[in-house]
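# Observations on the model geometry
Residues per chain, in single letters:
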Amino acid sequence: MKKWMLMLCLMLIASVLVPLSHANASSNFKDVGDTHRANAEITYLVDRGIANGVSRTHFVPSKQVTRAEAAAMLGRALGVNGDRKATRFSDVGGGNMASGYIEELVKKGIISGYPDGTFGPNKVLNRGEMAILINRAFNFGGTSVSSAARNLMDRGIAQGYPDGSFGADAKIIRADFSVFMARSINPDFRVKTDGISFSTTMYVNTGSDTLNLRKGPGTTHASISSLKNGTAVGVASTSGGWSHIKVNGVIGYVSTAYLSVSKPGSVAPSTPPKGASDLTVIIDPGHGAHDPGGVGNGFQEKNVVLNVGRHMKSYFDKTPITAKMTRNSDVFVTLGDRAKFASRNGGDIFVSLHTNALNGSANGQETFYYAKTAATNPNVKQSRALAIYLQARMQETWNLRNRGVNPFGYGNFAVLRNNTVPAALIEMGFIDSATDIQYIKLESQRERMGKALFLATLDYFYHYEGRSDVLPYYNDVNASPSRKLH
């Protein structure tokens, strides 16, 4: 290869990975003039050091975006530490310009690699993958391509094609990725803002100081006004340490570190009012990292259950009920730490997600609970009720053999035995079964399972604990309470 061709390739690979000094995209880049459709968005990202040019004179807006480039841009937008470092991927060395961003985003559960241990840094991103990454990065809630795309369109971040499709398989180019990023960060760029709800009330908590309300998420954005300690604000979303808020009709961003759920100086009532917002569900995707769990038909248990867990959490994220995951990326969590997670995080119930495996010789679904009274977990009746509702909803969702709720064995799993709250462990199917894999392998079916498990927890709270405050959340997903089973 000639030297000039090699230099050009290196420049293209570097693209958004190498910081450049800049003043304004339209003046810096010869290929992004004042009339370019993405001029404003590219300028916004470049001025804030989120995106860079391929060279000091060219942005190359039509160049396709790689996974490494996307990671770098998302990492900068979220303010993660992008210093180069060793990664868990065989094809991303510590010297890779995006290595720090990739590793940090994996830890946050925003991006992931492939089952063979690679990341594919030079693989080109398509619009569907872009939609999922942005949903994860900015907590928009979409966990499948369809739901992620719908969220972006509902928020005015993305627009579909004239035929009504989103174009999930189309490759994403730098101009379009810049538009989506700028609109995700700053609603002023969106084609509509009526899909944003500032429904969560929080309070400014700065002591004697005031808090800057800024135009965008970061100290580089201009201050709109100053908020006094104790000011009530409506929060729409939080990402990268910044919250998108509305106060007295003005919309902007504040540092999340200076917001609290209760008004500073207020005294909590001795008996807090009962409401769904006081509930916390712990979702425990089994296995992780070097522990793949069951393997079969080209799938690993650790990846399947994490995917289902994210779908499950996405439904809770649309309600006041808090859902916390023991892991939200491909990491290993010990059984002891999983069991302690509920008490450490104020959990009300604990649901551990698994698939089964038995040399391809078995199939079906079952749910376990710990049927002995343990020193740490005396919640036998509650755990049994939770298990019954989980099993029932699983059976409604996937037409698989019913192996039942384990009523005779003791469900002697450490995550159940050593827990402190009502806890159940589901086996949603056999990953090595030719029958069960027909459901397990499909993203659409895994999303259905996530919804089913969400509804099962509502069933438990409604029927067993008598909490009518969860009834509205059935309507939100076009569902009804199950019949009383326990």
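Values in this document were obtained by computation on a predicted structure and should not be read as measured data.

Rules of the game
Residues numbered from 1 in each chain as written. Predicted model: local features only at pLDDT ≥ 70, side-chain atom pairs only at ≥ 80, totals over all residues. Heavy atoms only, no water. Helix = DSSP H or I, 4+ residues; strand = E, 2+ residues; numbered from the N terminus. Buried < 20%, exposed > 50% of the residue type's maximum accessible area, 1.4 Å probe, protein only. Contact = heavy atoms within 4.5 Å. Axes fitted to C-alpha atoms, helices over the stretch in contact; angles between N-to-C directions. Parallel < 35°, antiparallel > 145°, perpendicular 65-115°, else oblique. Left-handed = near helix turned anticlockwise from the far one by under 90°. Nonpolar A, V, L, I, M, F, W, Y, C, P; charged D, E, K, R; others polar. Salt bridge = Lys/Arg side-chain N within 4 Å of Asp/Glu carboxyl O. Core = buried A, V, L, I, M, F, W, Y, C linked by side-chain atoms within 4.5 Å. Phe/Tyr/Trp six-rings, centres within 6.5 Å; stacked < 30°, edge-to-face > 60°. Lys NZ or Arg CZ within 6 Å of the ring centre and 35° of its normal. Pairing = 2+ DSSP bridges. pLDDT = per-residue confidence, 0-100.

With that settled, the discussion passes to the overall build of the protein. Across its full length, the protein holds 15 helices and 15 strands. Taking all 486 residues of the protein together, the buried fraction comes to 52%. Intrachain contacts of the protein at a sequence separation of at least 6 include 71% that bridge at least 24 residues.

To continue, consider the packing of helix α9 (residues 301-316) against helix α14 (residues 443-464). Here α9 crosses α14 at 55 degrees, and the two axes come no closer than 8 Å. Judged on the interaxial angle alone, α14 and α9 are oblique. Both α9 and α14 take part in a crossing whose hand is right-handed. Between α9 and α14, the contacting residues are Val304, Asn307, Val308, His311, Met312, Tyr315 and Phe316 on the first element and Glu443, Arg446, Glu447, Met449, Gly450, Lys451, Leu453, Phe454 and Thr457 on the second.

This part takes up the packing of helix α3 (residues 39-47) against helix α8 (residues 174-185). The contact between α3 and α8 brings their axes to 8 Å, and the two run at 70 degrees. Between α3 and α8, the angle is such that the two are roughly perpendicular. In the crossing of α3 with α8, the sense of the turn from one axis to the other is left-handed. Across the interface between the two elements, Glu41, Ile42, Tyr44 and Leu45 of α3 pack against Ser178, Val179, Met181, Ala182, Arg183 and Ile185 of α8. A breakdown of the residues in the contact of α3 with α8 according to their chemical character gives seven nonpolar, one polar and two charged.

Residues other than glycine seldom take positive phi values, yet Asn248 does so here, at roughly 50 degrees. When you line up the elements, Asn248 lands in the loop between β5 (242-247) and β6 (250-255).

For the structure on display, the rule yields 15 salt bridges. Among the ionic pairs, Lys63 bridges to Glu69, the shortest N-O distance being 2.9 Å. One exposure class covers both Lys63 and Glu69, and it is buried. Each of the salt bridges in this network shares a partner with another, and the network as a whole consists of Lys85, Glu104 and Lys107.

This next bit is on the environment of Val250. Looking at the element boundaries, Val250 is found in strand β6. On the basis of relative accessibility, which here comes to 33%, the residue Val250 falls in the partly exposed class. In contact with Val250, not counting residues within four places along its chain, are Leu213, Ile224 and Ile245.

Take the environment of Leu335 next. When you line up the elements, Leu335 lands in helix α10 (residues 335-344). Along the primary structure Leu335 and Leu416 are separated by 81 residues, whereas in three dimensions their C-alpha atoms are 9.7 Å apart. Ignoring sequence-local partners within four residues, the contact set of Leu335 consists of Ala414 and Val415.

Core analysis: the biggest nonpolar cluster contains 52 residues, and Leu45, Met130, Phe138, Phe177 and Met181 have the highest contact counts within it. For this core, the elements supplying multiple residues, two or more each, are α3, α4 (67-78), α5 (99-107), α6 (127-137), α7 (145-154) and α8. Met181 has contacts with Leu45, Ile50, Met73, Leu74, Ala77 and Phe138, leaving out every residue within four places of it along the chain. One finds Tyr315, Trp398, Met428 and Val477 within the second-largest nonpolar core, a separate group that totals 49 residues.

Applying the stated criterion across every chain, the model contains nine aromatic pairs. Measuring from centroid to centroid gives 4.9 Å for Phe316 and Phe454, while their planes differ by 80 degrees, and the two rings are edge-to-face. One end of the pair, Phe316, is in helix α9; the other, Phe454, is in helix α14, and 138 residues separate them in sequence. Among the aromatic residues, those joined into a cluster by ring pairs are Tyr315, Phe316 and Phe454. The ring centre of Phe166 lies 4.5 Å from the NZ or CZ of Arg127, which sits over that ring.

Let us look at the pairing of β6. With six bridges joining them, β5 and β6 adopt antiparallel strand pairing. Within the sheet, the bridge partner assigned to His244 lies in β6 and is Tyr253. The antiparallel pairing of β5 with β6 creates a hairpin that spans two residues between the two strands, and Asn248 there sits at a positive phi of about 50 degrees.

This part is about the confidence of the model for the protein. Averaged over every residue, the pLDDT of the protein is 84; residues scoring 70 or more account for 88%. This model gives residues 1-26 a pLDDT under 50, and the stretch forms 53 contacts once residues within four places in sequence are excluded.

With that settled, the discussion passes to the sheet that holds strand β11 (residues 322-325). Strand order across the open sheet formed by six strands is β11-β8-β12-β15-β13-β14, with mixed pairing between neighbours. On the outer flanks of this sheet lie β11 and β14 (402-405), each paired with one strand and no other. Sheet twist, expressed as the average angle between the axes of neighbouring strands with direction ignored, equals 20 degrees. The pairing of strand β12 (residues 349-356) with strand β15 (residues 423-430) spans six bridges and is classified as parallel. Looking at β15, one finds that His354 is bridged to Glu427.

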